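What follows is the residue order along each chain.
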Amino acid sequence: MHWIGSSRDDVREFPSEVRVMVGFALLQAELGGKYIDAKPMKGFGGAGVLEIVTDHDGSTYRTVYTIKLPSAVYVLHAFQKKSKKGIATPQKELDRVKKRLDVATRHHKENYEQEGGNKTTRREK
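It should be emphasised that the depicted structure is a prediction, and the values quoted were computed from it without experimental measurement. (Residues numbered from 1 in each chain as written. Predicted model: local features only at pLDDT ≥ 70, side-chain atom pairs only at ≥ 80, totals over all residues. Heavy atoms only, no water.)

(A) Quick peek at the environment of Thr63. Mapping Thr63 onto the fold places it in strand 4 (residues 59-66). For the pair Thr63 and Ala25, spaced 38 residues apart in sequence, the C-alpha separation works out to 9.8 Å. Those residues in contact with Thr63 that lie beyond four places of it in its chain are Val11, Phe14, Val22, Leu50, Glu51, Ile52, Val75, His77 and Ala78. (Helix = DSSP H or I, 4+ residues; strand = E, 2+ residues; numbered from the N terminus. Contact = heavy atoms within 4.5 Å.)

(B) Expanded view of helix 2 (residues 16-30). Helix length check: helix 2, at 15 residues, gives a terminal C-alpha distance of 21 Å against a target of 21 Å (1.5 Å per residue), a fit within 8%. Residues of helix 2 that are buried make contact with strand 1 (2-3), helix 1 (7-12), strand 3 (49-56), strand 4 and strand 5 (74-81). Count one or two residues on from helix 2 and you reach Gly32, which has phi positive near 90°. (Expected span 1.5 Å × (residues − 1).)

(C) Representation of helix 3 (residues 91-111). Its 21 residues give helix 3 an end-to-end C-alpha distance of 30 Å, which sits within 8% of 30 Å, the value for a rise of 1.5 Å per residue. Considered for burial, the residues of helix 3 that qualify are Glu93, Leu94, Val97, Arg100, Leu101, Ala104 and His108. Axial view of helix 3: buried residues confined to an arc of 125°, hence all on one face. Helix 3 presents Lys92, Lys99, Lys109 and Glu110 as exposed residues on the side facing more than 90 degrees away from its buried surface. Each element contacted by the buried residues of helix 3 is listed here: helix 1, strand 3, strand 4 and strand 5. (Buried < 20%, exposed > 50% of the residue type's maximum accessible area, 1.4 Å probe, protein only. Arc of directions from axis to C-beta.)

Next comes the structure, spelled out in structure tokens:
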């Protein structure tokens, strides 16, 4: 598991009930599964970038991660959705996810991809 940017600290700021749910969902992702409420995030072309949306005490918390990279789960962003207008993710949050996905892709290439195309998968660890 790799945490990009402030994502780990941001999750630590969530209420304990939300942290437990996020931790369980991320563990399932690490083990090659998918949390029942994890959904593909729109705008990222398929199911490689997922988000966990958790409602707690009148607030909504989102944690975004990617399983696109075969060797590790990368947690890209975690935030409390403040807007009460609609369910759409604010553009600034989407931009942050895109930037952090680029960081994760570079990290993966530098640390997991070997010359000749050999790659380690999560299940081989």
